Amino acid sequence: MMLDYKEIETYKKIRILQYESENGYRADLGTKRTKLVDTVEEARELIDFYHSPPYNWDK
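Before going into details, it helps to say that this report is about the structure given with it. Values in this document were obtained by computation on a predicted structure and should not be read as measured data.

1. What to know about the environment of Ala43
Now for step 1: With respect to the element layout, Ala43 can be found in helix α1 (residues 40-51).
Now for step 2: On the basis of relative accessible area, Ala43 is assigned to the buried category, the value being 0%.

Here is the structure:
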């Protein structure tokens, strides 16, 4: 089953999405690392965390 989503923006090369069946937003970090948050700002903070040392999960 494919869920419909709307791409809200791209922040630091990562898409912020809103799925039709959810009330929040998701940063497209990969299936197991995606977390539902309430606002676009929280999604940006999650992406900033994703890019910060010692994590740098994109490296």
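Picking up where we left off.
2. Side note on the sheet that holds strand β2 (residues 14-19)
Now for step 1: If you trace the 4 strands from one edge of the open sheet to the other, you get β1-β2-β3-β4, paired in antiparallel fashion. Bordering the open sheet on either side are β1 (5-11) and β4 (36-37), each of which pairs with just one other strand.
Now for step 2: Of the pairings in the sheet, the one linking strand β3 (residues 25-27) to β4 comprises 2 bridges and is antiparallel in character. If you follow Tyr25 over to β4, its bridge partner there is Val37.
Now for step 3: In the packing of α1 onto the sheet, the strands contacted are β1, β2, β3 and β4, and the crossing angle to β2 comes to about 145 degrees.

3. Details of the pairing of β1
Now for step 1: In terms of strand pairing, β1 meets β2 through 6 bridges, oriented antiparallel. By the bridge assignment, Lys6 is partnered in β2 with Gln18.
Now for step 2: If you look at the hairpin formed by β1 and β2, you'll find 2 residues sitting between the two strands, and Lys12 has a positive phi there, around 50 degrees.

Definitions and limits used
Residues numbered from 1 in each chain as written. Predicted model: local features only at pLDDT ≥ 70, side-chain atom pairs only at ≥ 80, totals over all residues. Heavy atoms only, no water. Helix = DSSP H or I, 4+ residues; strand = E, 2+ residues; numbered from the N terminus. Buried < 20%, exposed > 50% of the residue type's maximum accessible area, 1.4 Å probe, protein only. Pairing = 2+ DSSP bridges. Contact = heavy atoms within 4.5 Å. Axes fitted to C-alpha atoms, helices over the stretch in contact; angles between N-to-C directions.

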